[in-house]
Number of protein chains: 2
Amino acid sequence: MQKPPASVGQRLDEVDTPALVLDLDAFERNLAALQRSAGGRVRVRAHAKTHKCPEIARRQIAFGAIGVCCQKVSEAEAMVEGGIQDVLVSNEIVGAQKIARLAALAERARIGVCVDNAENLKDLRDSKAKLDVYIELEVGMRRCGVPPGEAVVALAREVSGNLRFAGLQAYHGRAQHVRSLAERKAAIERAASAVRETKELLKRNAIDCPIVTGAGSGTYMFEVESGAWDEIQPGSYVFMDADYARNEWAAPLPRFEHALFVLSTVMSRPAAGVAIVDAGLKASSVDSGMPSVWQRPGLAYTRTSDEHGCIEGAPPPALGEKILLVPGHCDPTVNLYDWYVCVRNGKVEALWPITARGAVY
Amino acid sequence: MQKPPASVGQRLDEVDTPALVLDLDAFERNLAALQRSAGGRVRVRAHAKTHKCPEIARRQIAFGAIGVCCQKVSEAEAMVEGGIQDVLVSNEIVGAQKIARLAALAERARIGVCVDNAENLKDLRDSKAKLDVYIELEVGMRRCGVPPGEAVVALAREVSGNLRFAGLQAYHGRAQHVRSLAERKAAIERAASAVRETKELLKRNAIDCPIVTGAGSGTYMFEVESGAWDEIQPGSYVFMDADYARNEWAAPLPRFEHALFVLSTVMSRPAAGVAIVDAGLKASSVDSGMPSVWQRPGLAYTRTSDEHGCIEGAPPPALGEKILLVPGHCDPTVNLYDWYVCVRNGKVEALWPITARGAVY
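Residues numbered from 1 in each chain as written. Chains lettered and ligands numbered in written order. Predicted model: local features only at pLDDT ≥ 70, side-chain atom pairs only at ≥ 80, totals over all residues. Heavy atoms only, no water.

Caption draft 1: Spatial organisation of the overall build of chain A. Counting secondary structure elements, chain A contains 10 helices and 17 strands. Against the globule reference of 21 Å for 361 residues, chain A gives a C-alpha radius of gyration of 21 Å, in line with a compact fold. C-alpha extents for chain A along the principal axes are approximately 70 × 40 × 35 Å. Evaluated residue by residue, chain A yields a buried proportion of 64% over its 361 residues. Total accessible area on chain A is roughly 12,100 Å²; 51% of this is exposed by carbon and sulfur atoms. Taking the average place of the 43 positive charges on the side chains of chain A and the average place of its 44 negative ones, the gap between the two points comes to 1 Å. (Helix = DSSP H or I, 4+ residues; strand = E, 2+ residues; numbered from the N terminus. Rg over C-alpha atoms; globule rule 2.2 N^0.38 Å. Buried < 20%, exposed > 50% of the residue type's maximum accessible area, 1.4 Å probe, protein only. Areas by Shrake-Rupley, 256 points an atom, 1.4 Å probe, with all protein chains shown as cover. Lys, Arg positive; Asp, Glu negative; His and termini not counted. Charge placed at Lys NZ, Arg CZ, Asp CG, Glu CD.)

What follows is the structure in C-alpha cells.
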C-alpha cells in the first residue's frame, strides 16, 4: 500500500500528484440525490465495486442504503472487515477456494450470491454456507445469467439446505451507457418484461421470489418506475465519470455531479499549446475514453501513455500548474489508488483508504 | 495490500484467480536473451516501470544490468527501499514536494533525473541534491523533451552546483510498437541522427556528454547497432505482452517469450461456445487490446468489462476450468496486482510483492 499523497489540513494545491480527489460536497449531494429519487420506492443496495471503500459504504448506508453489492469475494471480505453487515456478491462465485472463503464470510455477515448454473449451485449447497441465493437472469447484458423461462424454475428448485432462494438478479449493464435516454428506457422496458414473465412463471410454480435486484446509475429510475424491481444497485452515481456524463440526462433520472477527480501536475511544456501532465493511463483508466479537463473549457486531454497525458488548447497551463481531470471511467480508476484525498472548501478534510483496491479474486 | 492468491508449493491449478503468474523459466530466458544480444556492447539499465518489483530488479542486475530506470519518484523510492543502489528517473520531476523527495532519495542511492526546462533545472539545483542530470532529447516521442539544437546546449550550461550533467535521455517510445521491423529501424535511424547531431553540438561547445541513454524492448538492438547510445532501458522484454507479440520480430532483436500471464477461471457458460472468465479489465489492462488466450488456439478473448471477460471458440472450456491469458499490455496490468505468483514446473516457487504497485506520484 502506498503512502497517501496528502495530509489532512493541506490545501488542494499542496497535494502531491497524481492523486485521487473526492469532492465531499458533491459526493454528499450525489448520495442525497439518489435517495431522494428512489429511496422511498425501492431498497437501495449501493454497488461497492465502484468505490472499494468501507468509509463510502458506511455513508451510503447512513443515507438509506440497506447494504452493498460487490463483484468479488475479496471485495466482500474488505467490506465485512470494514463493518458492513449486508453484502450481495452480484456475481457467480465458482471454484472451491472462493466458495470456502464465501462460506467463511457468511459466518460474519449476511451474504448473498448469484448463480446461473446447477453444478455451481450444488457446490454452494455442499459448502453448508448460509447464503441468500439470487438467480441471475439474462436481461440483455450478454454476460452471465439464465435466459427467462423454465431453466430459472429448475434452478430455483435446487436451492436447498442452508441456501435460501432470495430472488432474481436482473442487471442490464449494456443499457447504462446508451447515450439516448429514450433508448435506455426502452432497453429497461424489455428487461422488465423478462423480469415480470419470470416472476409469473415462478409464481405459477409456487416458488416465492422475495426480491428482484439490479439496475445501475444510468437507468435505475426506469427500473423503479417499472415496478418490477424491489432493489437497485447503482454504483457510479457517487462519483460520475466523463463517460457517464456523455449520456443524455433528464427526468426521471437526476443529473449527478462529478465528485471524483485525478489531480495532476504539468511536468513539461514541450511546445506552444501543449502541456504534458504526470497522469497517464496508470493514473486514469482509459478503457472508456480519455479523462476530461475540469473547468478549463479551452483545454482537452488528447492522448495518453502509461505515465503521461497530453493536454492541448488555450490558454495553456504553466509548468508546475495543477490540473483536475475527470476520469473517463471511475471504477477502474479508483482501483489504481490506495487513498481518496477527501476535499472540502479547497482543503483536505480526510484520507480514506481504498481497502478493496486490487481485490480482484 | 491484498493477500497473495497462492501459497508456495501449490500447483498452478490450485491458485485462486485472477492471479498474476510469472513463468520463472521463460522470465530467466528473457533476462539471458537481453544480455546475450546487447550486454557486451552497451550498459543495460532495465526499466522498472514494467515490473515495479525489487525482486525482479535484483535479478536484472544479477544478469548484468547496471541499475534500473523508474518513471516516478515513488517508484524510485520503492526500488531504493528494495536495495537497488542506482536509479535513473527517466522523466521530468516537477514540483516542490517531488523534488524534496528526490533529494532525500539521493542521500541513499545514486539517482539520476531528466530535465527539459530551465526553470525546473533551477529548482533541482536549488534543492542542493546530488543528482545526475540527463537532458531529455525529443527524438520522435512527441511527449517531453527538448528538440535537437542550441536549446540543449543552453540547458546543459545551466547544470551546476551539486548537479552533474550526465548526458542525454533519448527514448523513441512511439517506435517500439510499430509493427514493421524495417519501419522501427528507420525510426531509430532518424533518432540516432538527432542524437549524433546533439553530441557534436555539445562537443563543439566543449560540453562533455558522458552517456546517451534510451531505447525499449521493441528497438534496442537498432540503438545498439547505431553506436549512438551508451545505455539501453528495455522494460517489457522480461514479460512480453500480447501487443508486443504483434510486432514483427527478427534479427538483430531476439524474440522474447511470454513470461507473464493472468490466470482466470471460467465462472459461467451462458451459451454454446461462450465462456465467461473472472478476469476483466481490472485484471488485465485493455488499453492496448484484449488479452490473448494462452495455448488454446481455438479460443479468443473477445470482449471485456470491469470484472468479466468473454471467451469464444472451440472447444469451449468447462465451468471452473482455469485459463491462462497473455495480457494485452504488461505494464498497466502489473500495476493492478500486489503479488507475482512465480511458477516453475507447474508449481508455485515464490511470491514476490509488487512494492511499487500504485506508486504513481
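Caption draft 2: Quick peek at the relation of the copies chain A and chain B. The operation relating chain A to chain B is a screw motion whose rotation component is 180°, with 0.0 Å of axial translation and a residual RMSD of 0.0 Å. Expressed as an axis order, the relation between the two copies is that of a two-fold axis. Of every C-alpha in chain A, the one belonging to Met1(A) sits nearest the axis of rotation, 2.5 Å from it. Taken together, the interface assignments show that 100% of the residues at the interface of chain A recur at the interface of chain B, consistent with an identical surface on both copies. (Least-squares fit on C-alpha atoms with pLDDT ≥ 70 in both. Contact = heavy atoms within 4.5 Å.)

Caption draft 3: A look at the sheet that holds strand 2 (residues 43–47) of chain B. All names here are of chain B. One closed barrel holds the eight strands; their spatial order is 2-3-4-5-6-7-8-9, and the pairing between them is parallel. Where strand 2 meets strand 9 (residues 231–232), two bridges bridge the pair, whose relative direction is parallel. Bridging across to strand 9, Arg43 finds its partner in Glu231. Its contacts with the sheet put helix 5 (residues 118–126) on strand 5 (110–115), strand 6 (131–136) and strand 7 (163–169), and the angle it makes with strand 5 is roughly 155°. (Pairing = 2+ DSSP bridges. Axes fitted to C-alpha atoms, helices over the stretch in contact; angles between N-to-C directions.)

Caption draft 4: Inspection of the packing of aromatic side chains at higher detail. Residues and elements named next belong to chain A. For the structure shown, the criterion picks out 14 aromatic pairs over all chains. An angle of 50° between the planes, with centres 5.0 Å apart, marks the rings of Phe261 and Trp294 as tilted. Taken together, the positions of Phe261 in strand 10 (residues 260–271) and Trp294 in the loop between strand 12 (292–293) and strand 13 (299–304) put the pair 33 residues apart, joining distant regions of the chain. By relative accessible area, Trp294 is classed as partly exposed at 28%. Pairwise contacts between aromatic rings join Tyr220, Tyr237, Tyr244, Trp249 and Phe256 into one cluster. The residue whose ring lies beneath Arg184 is Trp249, and the NZ or CZ to ring-centre distance is 5.6 Å. (Phe/Tyr/Trp six-rings, centres within 6.5 Å; stacked < 30°, edge-to-face > 60°. Lys NZ or Arg CZ within 6 Å of the ring centre and 35° of its normal.)

Caption draft 5: Structural detail: the environment of Glu75(A). Summarising the element assignment, Glu75(A) is placed in helix 3 (residues 73–81). Glu75(A) sits 23 residues away from Lys52(A) along the chain, and the two C-alpha atoms are 6.9 Å apart. Not counting the four nearest positions on each side in its chain, Glu75(A) is found in contact with Lys49(A), Lys52(A), Cys70(A), Ala356(A), Ala359(A), Lys282(B) and Glu307(B). There is a polar contact of 2.8 Å between the side chain of Glu75(A) and the backbone nitrogen of Gln71(A). (Polar contact = N/O pair within 3.5 Å; in protein donor to acceptor, adjacent residues only side chain to side chain.)

Caption draft 6: Highlighting the side chain of Gln71(A). Mapped onto the fold, Gln71(A) is located in the loop between strand 3 (67–70) and helix 3. For Gln71(A), the side chain forms a polar contact with the side chain of Glu307(B), separated by 3.3 Å. When neighbours within four sequence positions are excluded, Gln71(A) is seen to be in contact with His47(A), Lys49(A), Val89(A), Ser90(A), Asn91(A), Arg143(A), Glu307(B) and His308(B).

Caption draft 7: View of the side chain of Asn30(B). Residues and elements named next belong to chain B. Position of Asn30 among the secondary structure elements: in helix 1 (residues 24–38). Relative accessible area serves as the criterion here: at 1%, Asn30 is assigned to the buried category. In this structure, Asn30 is in contact with Tyr237, Val238, Phe239, Phe256, Glu257 and Ala259, ignoring residues within four places of it in sequence.

Caption draft 8: How the structure looks around the interface of chain A and chain B. Listed as interface residues are 65 residues of chain A and, on the opposing side, 65 residues of chain B. Between chain A and chain B, roughly 5,100 Å² of surface is buried when both sides are summed, and carbon and sulfur atoms account for 49% of that area. Where chain A packs against chain B, one counts eight salt bridges. Arg101(A) is the partner of Asp16(B) in a salt bridge, and the nearest nitrogen-oxygen pair spans 2.6 Å. The interface formed by chain A and chain B includes 32 residue pairs in polar contact (both at pLDDT 80 or more). Contributing elements (two or more residues each) for the side of chain A that touches chain B: strand 4 (86–92), helix 4 (96–105), helix 5 (118–126), strand 10 and helix 10 (330–334) of chain A. Examining the composition of the side of chain A that touches chain B, we find that five residues originate from one element, strand 10 of chain A, more than from any other. A per-class count over the side of chain A that touches chain B returns 22 nonpolar, 18 polar and 25 charged. (Buried area = accessible area lost by both parts, 1.4 Å probe. Salt bridge = Lys/Arg side-chain N within 4 Å of Asp/Glu carboxyl O. Nonpolar A, V, L, I, M, F, W, Y, C, P; charged D, E, K, R; others polar.)

Caption draft 9: Here's a closer look at helix 7 (residues 181–204) of chain A. All names here are of chain A. The end-to-end C-alpha distance of helix 7, which contains 24 residues, comes to 34 Å, matching closely the 34 Å that a straight helix rising 1.5 Å per residue would cover. When we look at burial in helix 7, the residues that qualify are Leu181, Arg184, Ala187, Ile188, Ala191, Ala192, Ala194, Val195, Thr198, Leu201 and Leu202. The residue sitting at the N-terminus of helix 7 and contributing the capping side-chain oxygen is Ser180; that oxygen lies 3.3 Å from the backbone nitrogen of Ala182. Where helix 7 ends, the next residue or the one after it, Ala206, has phi of about 60°, a positive value. (Expected span 1.5 Å × (residues − 1).)

Caption draft 10: Summary view of the domain arrangement of chain A. Residue and element names in this part refer to chain A. Along its sequence, chain A is carved into domain 1 (12–21 + 256–353) and domain 2 (39–238). The gap between the C-alpha centroids of domain 1 and domain 2 is 33 Å. Buried area between domain 1 and domain 2, both sides added, is near 980 Å², and the carbon and sulfur share of it is 63%. On the domain 1 side of the interface with domain 2, the three residues burying the most area are Phe256, Asp331 and Trp352, jointly 55% of the side's total. Inspection of the domain 1/domain 2 interface yields two residue pairs in polar contact (both at pLDDT 80 or more). Secondary-structure elements contributing two or more residues to the side of domain 1 that touches domain 2 are helix 10 and strand 17 (347–353). For the side of domain 1 that touches domain 2, the element with the most residues is helix 10, which contributes three residues. (Domains from an automatic or database assignment.)

Caption draft 11: Quick peek at the sheet that holds strand 7 (residues 163–169) of chain A. All names here are of chain A. Spatial strand order, 2-3-4-5-6-7-8-9: eight strands in a closed barrel with parallel pairing. Across three bridges, strand 2 (residues 43–47) lies against strand 3 in parallel orientation. Bridging from a neighbouring strand, Arg45 pairs with Gly67 of strand 3. On top of the sheet, helix 7 reaches strand 7 and strand 8 (211–214); it is set at about 150° to strand 7, its chief contact.

Caption draft 12: Fine view of unusual backbone geometry. Across the junction of Thr17(B) and Pro18(B), the peptide omega takes the value -10°, indicating a cis bond. Tracing the backbone through its elements, the reader meets Pro18(B) in the segment before strand 1 (19–23). Note the cis peptide between Ala314(B) and Pro315(B), where omega equals -10°. Here Pro315(B) is to be found in the loop between strand 14 (309–313) and strand 15 (322–326). With a phi angle near 60°, Ala206(A) is a residue other than glycine that sits in the positive phi range. If you trace the backbone, Ala206(A) turns up in the loop between helix 7 and strand 8. If you check the backbone angles, Met240(A) has positive phi at about 60° while not being a glycine.

Caption draft 13: Layout of the environment of Leu12(A). Looking at the secondary structure, you find Leu12(A) in the segment before strand 1 (19–23). Once residues lying within four places of it in the same chain are set aside, the contact partners of Leu12(A) are Val21(A), Leu263(A), Leu324(A), Val343(A) and Gly346(A).

Caption draft 14: Structural view of the packing of helix 3 of chain A against helix 4 of chain A. Residues and elements named next belong to chain A. Between helix 3 and helix 4, the least distance of the axes is 10 Å, while the angle of their chain directions is 20°. It follows from the interaxial angle that helix 3 and helix 4 lie roughly parallel. Where helix 3 crosses over helix 4, the two elements pack in a sense that is left-handed. For the pair formed by helix 3 and helix 4, the contact residues are Val73, Ser74, Ala76, Glu77 and Val80 on the first element and Lys98, Arg101, Leu102 and Leu105 on the second. Class assignment for the residues of the contact of helix 3 with helix 4 results in five nonpolar, one polar and three charged. (Parallel < 35°, antiparallel > 145°, perpendicular 65-115°, else oblique. Left-handed = near helix turned anticlockwise from the far one by under 90°.)

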